Every structure is written in C-alpha cells, then in structure tokens.
Amino acid sequence: ITSQSLIVETSSGNMALGLAIVCNLYGYKLSIVSDYACDGFLRRRIEDLGARLEIVSAPVEKGGYQRARLNRLTEIREQNADHWWVSQYDNPCNPGAYAFFAAQLIEELGRVGCLVGSVGSGGSVCGTSVFLHELFPEMKVVGVDTFGSVLFGQPDQLRQLRGLGNSLLPKNLDHTLFDEVHWVTAAEAYKATRILHQKTSLFCGGTSGASWMVARDWARKNPKARVVAIFPDDGYRYADTIYNDAYLAKENLYLADLPAFPREVGHPLEAHSSWSKIQWERRHYSDVVKPSLT
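Calculation rules
- Residues numbered from 1 in each chain as written.
- Predicted model: local features only at pLDDT ≥ 70, side-chain atom pairs only at ≥ 80, totals over all residues.
- Heavy atoms only, no water.
- Patch = residues over 30% accessible without salt bridge, like charges linked within 9 Å, V, L, I, M, F, W, Y side chains within 5 Å.
- Areas by Shrake-Rupley, 256 points an atom, 1.4 Å probe, with all protein chains shown as cover.
- Salt bridge = Lys/Arg side-chain N within 4 Å of Asp/Glu carboxyl O.
- Helix = DSSP H or I, 4+ residues; strand = E, 2+ residues; numbered from the N terminus.
- Buried < 20%, exposed > 50% of the residue type's maximum accessible area, 1.4 Å probe, protein only.
- Pairing = 2+ DSSP bridges.

A. Structural context of a nonpolar patch on the surface. Judged by side-chain polarity, Ile-1, Ile-21, Val-22, Leu-25, Tyr-26, Tyr-28 and Trp-84 come together as a nonpolar surface patch covering roughly 730 Å² of accessible area. Counting residues per element, the nonpolar patch draws most heavily on helix H1 (residues 14-26), at 4 residues. Considering the arrangement of structural elements, one finds Tyr-28 in the loop between H1 and strand E2 (29-34). Residue Tyr-28 is classed as partly exposed on the basis of its relative accessible area, which comes to 30%.

Put into structure tokens, the structure is as follows:
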C-alpha cells in the first residue's frame, strides 16, 4: 500500500467506521460500499473523515444487498489498479486479530466456560473461540444469528435485524466451532437491548442485546459456568430506533416481554417466527443442513 493506493471494503457498520478512522489517521484513500443499513449519523462520520461512501439502491435476486455491494465493489476494484481490498468475510487476519482479545479474557477472567456472540463475518466469535479452545477445549461456543440469514442453513431473506447474519457464506465462518446456534427476531433483540440498558446502564445496539439475551439463558441453565458475551455495538446509532418506543410501535417491532426460553429445533428450516435454537454440536454445515433437504 502506498500513499496513492485506494483501500476498498463493503460494510454498513463498525468495519466501515474503523477503516475510515485508520485511513484518516494515516492519510490513505478509502472507498466504502454500503446499503440502507448505514444510517445517516454513520454516513456523516465516515464522509467527514474523508472516505468516499456509496450506497447500493437495491438488492440482487441471489445474495441480496451483500451481493449487490460486492458487485459494486468489484467494479470499483476494476477501475482502480492500485487498490487493496480488506475482504473482512474471507481475510484470515479478521479472526486472527482476536488473539489479543482472547488473551485479555484469559488474563482478566481465567477459565471461560462459554462464549456467546453474534455471527456475521465469522471473525469475532470464531477467532476468539479458536484461541480460547487452546486452553479450554471443553468451552462451549454459542452463535447468535437472525431469521433470513444463510449462515446456519436458513434461506436468504430480507432481514430487519442487521449487524449479524449474512446472505453469503464467509470463509471466516468455521461451523465446527459451534455447540449451539440461536436465531432471534429483530423485536426480540430490540427488547433485550432495552432491558440490558435498564438493568445495567450498558448502552448497546441490537446485536449486543441479542447476544445478552442468549447468554443470560445459557447462564441460567449453567449457573456454575463463567459466560462471556461479546457486545459488538454501542447504542448511539439507535437512539431514534431501538430506544424510541414510537418507532418500535410504528414498525411493529414493539415487544412487551421476551420469550421465557428458546424453542429447540432439529433442523434450521424448523426455526421460524420467534427465538429458536439448535444443538449444532460442532458439526460441518453440510452435516446439519443437507439431511432434511435431500
């Protein structure tokens, strides 16, 4: 990378902002491709830091908005010979970077009995669990996804809950690390986010709320285990949505109470409507998904 190189990536959240900050500090040119999930507040921050931001207007039939974003990214790369694509979904440096986070957990907490986190690129949960499994091979790993995400065998659909899930299968997602997988709705994640704030003052976003809801359930069933939940987003981008009762009611996302527990299913296609979970048991994707589809 030189001072004339163009750094490119597709993101609608933390990755886009992080790259904008780093590129601003080091004087690199940056082009981000995003979609409607990149809200106005975040757009202003990214552009004010000097990055170029493009918003794709519509999803493609297969692969949704993420494929549309990647298609536009390909065009930008073809137009700029001197470029570097971060490629967060497939770049092994993504999960590899979580060695530092895993080391911090070990130093501060000691033995970890369960790691819970939302899954999008696969970087945070897979990277952290790989390093923690070196010391604690019996540690359980619980992934949190949403309905309409293909990551764990659901059909690709438009998703209200963003920041987790995917329309494509990233190379950084190692299915054999997961003991359980949960799917939650946007309404459930938003309700959990509000409860988390009211109970702890932690001002987080919907993916953090979803992870907390699942981690709390696992901890209740395993009271002697030390449970770590990854909270990847703050609440400032969601002051007018998740933290706005009028918005939740208007969008039919208001939920009076959370389900007491998830509904357990035997196959990903059986998960629908409300919080569901499957015992993934560290199996390969094809071992879980194909038997009921053939």
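B. View of the sheet that holds strand E6 (residues 140-146). Spatial strand order, E8-E5-E6-E7-E10-E9: 6 strands in an open sheet with mixed pairing. The open sheet has two edge strands with one neighbour each: strand E8 (227-229) and strand E9 (263-264). Here E6 pairs with strand E7 (residues 180-184) via 5 bridges, running parallel. From the neighbouring strand, Val-142 faces E7, where its bridge partner is Glu-180.

C. How the structure looks around the pattern of salt bridges. Inspection of every chain in the model, using the stated rule, returns 12 salt bridges. For the salt bridge of Arg-72 with Glu-54, the shortest nitrogen-to-oxygen distance reads 2.7 Å. Taken together, the residues span a long stretch of sequence, with Arg-72 in helix H3 (residues 64-79) and Glu-54 in strand E3 (residues 52-55) at a distance of 18 residues. Each member of the pair, Arg-72 together with Glu-54, is buried. Here Asp-179 ties to Arg-282 by a salt bridge, and the two come within 3.0 Å at their closest N and O atoms. Here Asp-179, found in the loop between E6 and E7, pairs with Arg-282, found in the loop between strand E10 (276-279) and helix H10 (285-289); they are 103 residues apart in sequence, far enough to count as distant. On the basis of relative accessibility, which here comes to 11%, the residue Asp-179 falls in the buried class. Given the relative accessible area of 30%, Arg-282 is considered partly exposed. Within the structure, one salt-bridge network assembled from shared partners comprises Arg-52, Glu-54, Arg-72 and Glu-75.

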